[in-house]
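In case you want the letters, here they are:
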Amino acid sequence: MRQANMGLIGVGTMGSALALNIAEQGHDVAVWNLDLAAVDGLIASAGNLAPRLVRCDTIEALVVAMPVPRAIILLVPAGDPVDLNIDALIPFLAAGDTIIDGGNSDFRDTIARTKRLEAAGLAYLGIGVSGGSDGARRGPSIMAGGTAATYASIAPVLETICAKYKDDPCVAHLGPDGAGHFVKTVHNGIEYADMQMIAEVYGLMRDGSGLAASEIAPVFRSWNRGALESYLIEVTAEVLAAKDPATGEEMVDMIVDQAGQKGTGRWTVIEAIRMGQTASIIEAAVGARVLSSQKVTREIAAHLLVPAGTDTMIPISEHDLQSALIVGRVLAYAQGFQILNAASDEFDWALDFARIAEIWRAGCIIRSAMLDDIAEAFRNELPQGHLVLSQHFIKVLTGNIAGLRRVVSAAALKGLPVPALAAALSWFDTIRQARGTTDLTQAQRDYFGAHSFRRIDADGSHHGPWHGASDV
Ligand code: 6PG
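Small disclaimer: the values here were computed from a predicted structure and weren't measured.

Peer 1: I'd like a rundown of the sheet that holds strand β10 (residues 171–175), residues and numbers included.
Peer 2: The strand order across the open sheet built from eight strands is β3-β2-β1-β4-β5-β6-β7-β10, with neighbouring strands paired in mixed fashion. Pairing within the sheet leaves two strands with one partner each, and these edge strands are β3 (53–55) and β10. Strand-to-strand twist across the sheet, computed as the mean angle between neighbouring axes with direction ignored, equals 25 degrees. In this sheet, β3 lies alongside strand β2 (residues 29–32) in parallel orientation, the contact comprising three bridges. Within the sheet, the bridge partner assigned to Val29 lies in β3 and is Leu53. Relative to strand β1 (residues 6–9), helix α1 (residues 13–24) is tilted by about 165 degrees, and along the sheet it contacts β1, β2, β3, β4 (71–74) and β6 (123–130).

As C-alpha cells, this is what we get:
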C-alpha cells in the first residue's frame, strides 16, 4: 500500500476540492468516502494530481496508509456524521494522531469532541474553512481551534493550502477547542446579514424601480470597484447578469424565492442572545430566510392583505443604495465582532479580533476591502472595543447614514420589506441615543412587579409612587 502524509474523509464538493488543493501542494493524500464511487470520480477527474491521491477501500486502510503521527481531515456534514467517523477511526488510531474537523460544526460539539479525543490520547482540531468549493480548491480562509501544539503540527500544511492576502496566509490559531468553529459560525452569521442586505437592495431596484436583473447587474459591478468591493458584491453582479440557458430568461427570475439554511446563521443568533448580545441584523437575515420558506402563506397573504410594494415609490438614488449597503455592512461586522468579544470573555479564548479580520481578507465568503480597515481599527485603541467608535468608521457611518435612512424610509413608504437594513438603522439610532426610552420600561417593571429602578439623582434601589407606594 502506498504511503500518504495526510488523510481525508468525505469527498463531497468541499472535500474533493480540499483534497486536490492539498495534493497540489505536494502532499500525498489518503482518501476514503462512504460511497467509494465518489473517490473513483475524484481520482478520475484529478488529472496530473491523481498520483497523489491514495484510494482507500476502508477507513482502516486509510489509517494504515499513513505513518504515525497521522493527521486526518473530516469533511463530512456537521452533526452525527462527524461522530460516526470519529467512532470508526478511533480503534485504528495511535496516541498522538490528530483528527481535524473541517466542516461547519457547532462549536459546542467541537468542545465535547476535543475532550473525548484528548481523553483517548488523541488530538483534535476544529477548523472553520470558508470560501465554498472554489476557496477549498484554490485557497480558503481557515479558522483553527485546538491546542497550540496540535495546531503547530498541522500549520505547515494549512499555511500552504490557505488563501493569501498579499503573501499573508489567511489561517490562524484562534484559541482552544471550539474557538475556530465559533469564529466560523459568526463569519457565517455576517455572511447571512450581508447577503440579505444585498437582496433587499436588489428587491428595491426590481420591485421599486422596475429594473430587470440584467440592468441591476452593472450597478453591483460598479459598486464592486468602490467601498463595497467584496466577493459577495462581485458574485451578485455575475448572478444578476446570467441568462437561463433553457429559456433565455434572466436566470435569477427562474429561481424559486425560498432560501435554505443549514444552521450557522441561526446558531450565531442563539449564541448572541444567550450571551446577552444583540445580533439584530443577523437575526433579521435568518428571519427573512424563514419567511421565504413560508411561500404558500405569503401567496395567500399577498392576495388577502394587498401585495407588498403597491404604494407609491419615492425615487431612491443608486448612491443612497450604495450608502445603505456600506452602513449595513459596517454594522453587521460590528455586531459580529461584539458577539466574538462576548464569547472570548465567556470561554476565556483571548480572541485576536485584528487577526480574525486579517484572515478574512482573502479566501472566505465575506472577504471585502473593508476588512483591512477593520483589522487596522482593532490594532489601534478602540473606545469600548467597539468598531463603530473607531475614527475611521465614525467617518464612514456619518458619511453614509443619510443614504441608509432615505432607503429604509422609501422602502417603508412603498411597502417593500427591508428587515436587515431597517434593523441596521434602528441599531445605529439606538446606540447613539445617550438617553433612551427604557426609563419607561423600568417604570413598568416596577409598577407590575416591584422590580425597582435606579434614579438619575440618587444611589440605591427605588420604587415609584404607583399604588401609593413610596421610595425605599
Ligand atoms: C463558507 C460558507 C459555507 C456555506 C455555509 C452557509 O464560508 O464557505 O459559509 O460554509 O455557505 O454552510 O450555508 P447555508 O446558507 O446553507 O446555511
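Peer 1: Can you lay out a nonpolar patch on the surface for me, pointing to particular residues and giving the numbers?
Peer 2: Together, Val296, Ile300, Leu304 and Leu305 make up an exposed nonpolar region whose accessible area comes to about 450 Å². By the secondary structure assignment, Leu305 is in the loop between α13 (295–304) and α14 (318–347).

Peer 1: Can you lay out the site of the ligand for me, pointing to particular residues and giving the numbers?
Peer 2: Around the ligand, the structure places 13 residues, and the nearest of them are Asn104, Ser130, Glu191, Tyr192 and Arg289. One of the side-chain N or O atoms of Asn188 is found 3.0 Å from an oxygen atom in the ligand. Between an oxygen atom of the ligand and a side-chain N or O atom of Tyr192, the distance comes to 2.5 Å. Considering each element in turn, the shell around the ligand owes the most residues, five residues, to helix α8 (residues 179–208).

Peer 1: Would you mind going over the packing of aromatic side chains in detail, with residue names and values included?
Peer 2: Within the structure shown, the criterion is met by twelve aromatic pairs. Here Phe107 and Phe182 contribute two aromatic rings whose centre-to-centre distance is 4.9 Å and whose plane-to-plane angle is 80 degrees, an arrangement assigned as edge-to-face. Pair noted here: Phe107 is in helix α5 (residues 107–119) and Phe182 is in helix α8, with a separation of 75 residues, a long-range link. Side by side, Phe107 and Phe182 carry an identical accessibility label, which is buried. Measuring from centroid to centroid gives 4.8 Å for Phe337 and Phe378, while their planes differ by 50 degrees, and the two rings are tilted. Of the two residues, Phe337 is situated in helix α14 and Phe378 in helix α16 (residues 370–379); the sequence distance between them amounts to 41 residues. Neither Phe337 nor Phe378 differs from the other in exposure class; each is buried. Grouping aromatic residues by their ring pairs yields a cluster made of Phe107, Phe182, Phe347 and Trp349.

Peer 1: Tell me about the domain arrangement of the protein, and please be specific about residues and values.
Peer 2: Each assigned domain of the protein is listed here: domain 1 (6–177), domain 2 (185–431) and domain 3 (438–467). Each of domain 1 and domain 3 was reduced to a C-alpha centroid, and the two centroids are 56 Å apart.

Peer 1: Outline the environment of Ser16, listing residues and values.
Peer 2: Take Ser16: it is sitting in helix α1. For Ser16, a relative accessible area of 16% puts it in the buried group. Of the polar contacts made by the side chain of Ser16, one reaches the backbone oxygen of Gly12; its length is 2.8 Å.

Peer 1: Describe helix α10 (residues 231–241), naming the residues involved and giving the relevant values.
Peer 2: If you check which residues of α10 are buried, you get Leu232, Ile233, Thr236, Ala237 and Leu240. Taken down its axis, α10 places every buried residue within 140 degrees of arc, on the same side. In the core, the buried residues of α10 are packed alongside α8, α9 (213–223) and α14.

The rules behind the values
In every chain, residue numbers begin from 1 and rise along the written sequence. For a predicted model such as this one, the threshold for reporting local features is a pLDDT of at least 70, and the threshold for listing and counting side-chain atom pairs is 80 or more; totals across whole chains, interfaces and linings nevertheless cover every residue. Water and hydrogen atoms play no part in the side-chain values, which are based on all heavy atoms of the structure. The criterion for strand pairing is that DSSP finds at least two bridges linking the strands in question. Only DSSP runs of H or I reaching four residues or more are called helices, and only runs of E reaching two or more are called strands; each is numbered from the N terminus. Every axis in this analysis is a line fitted to C-alpha atoms, fitted for helices over the stretch in contact. Angles between the N-to-C directions lie between 0 and 180 degrees. Contact between two residues is taken to exist if any of their heavy atoms lie within 4.5 Å; hydrogens are not considered. Each patch is assembled from residues with relative accessible area greater than 30% and no salt bridge, linking like charges that lie within 9 Å and nonpolar side chains (Val, Leu, Ile, Met, Phe, Trp, Tyr) that lie within 5 Å. Every accessible area reported is derived by Shrake-Rupley at a probe size of 1.4 Å, with residue values counting cover from the shown protein chains alone. Salt bridges, as used here, are contacts in which a Lys or Arg side-chain nitrogen is within 4 Å of a carboxyl oxygen on Asp or Glu. Nearness is defined per residue: one heavy atom within 4 Å of the molecule or strand is enough. A 3.5 Å cut-off defines polar contacts: any pair of N or O atoms within that distance qualifies, except that in protein one atom must be a possible hydrogen donor and the other a possible acceptor, and neighbouring residues in sequence count only when both atoms are side-chain atoms. Only Phe, Tyr and Trp rings take part, Trp by its six-membered ring, and two of them pair if their centres are within 6.5 Å. Stacked means planes under 30 degrees apart, edge-to-face means over 60, and tilted covers everything else. Each residue is placed in one exposure class: buried if its accessible area under a 1.4 Å probe, protein chains only, is under 20% of its type's maximum, exposed if it is over 50%, and partly exposed if it falls in between. Residue ranges for the domains originate in an automatic or database domain assignment. By arc we mean the arc of the directions from the helix axis to the C-beta atoms, nothing more.

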